[in-house]
Amino acid sequence: MKKIVAVFDGSKFSDSTLQYAIRMGLQHNATITGVFSEKMEFAYAGGGGRRTIDGSMQFEHACQHAGIHYNIRRGSDAVTQSVLKESRYADMLLIDASETMNPFTEESPTPFVKDILANAKCPVLLLPRHFTDVRKICWLYDGSPVSIFAFKMFSYILPVFNALPLNVVTVQTPNHTQELPYEGMVKELIDMHAPQAHFVPLKGQPEVEIAHYLKEQAAESLVILGAYQRNALSMLFRPSMADVLVKEQQWPLFIAHNK
């Protein structure tokens, strides 16, 4: 990975996004582009007094201190379009799941985050409110091409994580009589990227069983899942798996689609 785009809300600075960006920039020797919607000031104590700095300055100071190459993009009213444009030329995009790009508090995933997830031109790492080192990977595998695509992109973009413990999680629904395939080319792909993988078969409704399983996992887990592209009509009847997990706001979610 060579380029990471990190998105920062203009009304509240996400320290979690900054910490993940710095850590992954160091791990992969990548350049970080910080996208800021507007100037944001906050106070901090230093030198016997208090003064204000904006979020982009904190980002710049952190990158300089870590010795990371960085870029800063400031001041766009059409922040969604700016982020999507940046995503065309990036390997991965980092964004806090609670980002709103407005002064109001909204339920996660926010409309802004949903728009980015649905239209980003690169994989997105959706971040929890608090930073935690990644020490374990959970891949939500449903047998679909897009699920496999997400795993491949994760392996290519974040190769330093390939040696971590990997759980391949599947769910067999009550009306599904066949097991998801572990044999053949899929098993071969997993063996080549993560021979240490452990398979976790579950039974029931995916939204229920996966959420329950992940709640039992450590906060250091990172979750891989496929596309966020269910159309608006069907989402009225069945929530996206991403929506279910985002509301928990406990784990980084690696989301990729190949549309």
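Residues numbered from 1 in each chain as written. Predicted model: local features only at pLDDT ≥ 70, side-chain atom pairs only at ≥ 80, totals over all residues. Heavy atoms only, no water.

Under an unreviewed UniProt entry, the name given to the protein is Universal stress protein, and the source organism is Chitinophaga sancti.

## Quick notes on the overall build of the protein
A count of helices and strands for the protein gives nine helices and 12 strands. By sequence separation, contacts in the protein at least 24 residues apart represent 77% of the contacts at least 6 residues apart. Of the roughly 12,700 Å² that the protein leaves accessible, carbon and sulfur atoms contribute 52%. (Helix = DSSP H or I, 4+ residues; strand = E, 2+ residues; numbered from the N terminus. Contact = heavy atoms within 4.5 Å. Areas by Shrake-Rupley, 256 points an atom, 1.4 Å probe, with all protein chains shown as cover.)

## Digging into the pattern of salt bridges
A pair can form between side chains of opposite charge whenever their charged atoms are brought close. Tallied over the full model, the rule gives five salt bridges. Asp133 is the partner of Arg23 in a salt bridge, and the nearest nitrogen-oxygen pair spans 2.0 Å. Of the two residues, Arg23 is situated in helix α1 (residues 15-28) and Asp133 in the loop between β7 (124-127) and β8 (136-140); the sequence distance between them amounts to 110 residues. Across the pair Asp191 and Lys187 runs a salt bridge whose closest N-O atoms are separated by 3.0 Å. Of this pair, Asp191 and Lys187 both sit in helix α6 (residues 184-193), four residues apart, which is roughly one turn of the helix. Take Asp191: its relative accessible area is 34%, and that puts it in the partly exposed class. On the basis of relative accessibility, which here comes to 27%, the residue Lys187 falls in the partly exposed class. (Salt bridge = Lys/Arg side-chain N within 4 Å of Asp/Glu carboxyl O. Buried < 20%, exposed > 50% of the residue type's maximum accessible area, 1.4 Å probe, protein only.)

## Considering the packing of helix α5 (residues 145-157) against α6
Two numbers describe a pair of packed helices, the interaxial angle and the distance between the axes. Contact geometry of α5 with α6 gives a least axis separation of 11 Å together with a crossing angle of 15°. As judged from the angle between their axes, α5 and α6 are roughly parallel. Crossing handedness for the pair α5 and α6: left-handed. Across the interface between the two elements, Ile148, Phe151, Lys152, Ser155 and Tyr156 of α5 pack against Val186, Leu189, Ile190 and His193 of α6. Residue composition of the contact of α5 with α6, grouped by class: six nonpolar, two polar and one charged. (Axes fitted to C-alpha atoms, helices over the stretch in contact; angles between N-to-C directions. Parallel < 35°, antiparallel > 145°, perpendicular 65-115°, else oblique. Left-handed = near helix turned anticlockwise from the far one by under 90°. Nonpolar A, V, L, I, M, F, W, Y, C, P; charged D, E, K, R; others polar.)

## Topic: the nonpolar core
Core analysis: the largest hydrophobic core is formed by 44 residues, its most contacted members being Met92, Ile137, Leu158, Phe161, Leu222, Ile224 and Phe254. Among the elements that take part in this core, α5 stands out by supplying six residues, more than any other. Each of two domains, domain 1 (2-127) and domain 2 (136-255), supplies a minimum of three residues to this core. Among the nonpolar cores identified, the runner-up in size contains 35 residues, and Val5, Val35, Val171 and Leu225 belong to it. (Core = buried A, V, L, I, M, F, W, Y, C linked by side-chain atoms within 4.5 Å. Domains from an automatic or database assignment.)

## Notes on the pairing of strand β9 (residues 166-172)
Of all seven residues in β9, seven are buried; the element is thus mostly enclosed. Alternating residues of β9 divide into Leu166, Val168, Thr170 and Gln172 and Asn167, Val169 and Val171, and every residue in both groups is buried. In this region the chain leaves β8, passes through α5 and returns to the parallel neighbour β9; the handedness of that crossover is right-handed. (Right-handed = clockwise from strand over helix to strand, strands pointing away.)

## Looking at the environment of Asp54
Residue placement: Asp54 occurs in strand β4 (residues 49-54). In the structure, Asp54 is positioned 41 residues away from Phe13 in sequence and 9.1 Å away in space, judged by C-alpha atoms.

## Thoughts on the side chain of Ser87
With respect to the helices and strands, the residue Ser87 is situated in helix α3 (residues 79-88). Residue Ser87 is classed as buried on the basis of its relative accessible area, which comes to 0%.

## Thoughts on the packing of α1 against helix α2 (residues 55-66)
Between α1 and α2, the shortest axis-to-axis distance is 11 Å and the interhelical angle comes to 25°. One finds that α1 runs roughly parallel with respect to α2. Considering only the axes of α1 and α2, their crossing is right-handed. Within the contact between the two elements, α1 uses Asp15, Leu18, Ile22 and Leu26 and α2 uses Gln58, Phe59, Ala62, Cys63 and Ala66. Residue composition of the contact of α1 with α2, by class: seven nonpolar, one polar and one charged.

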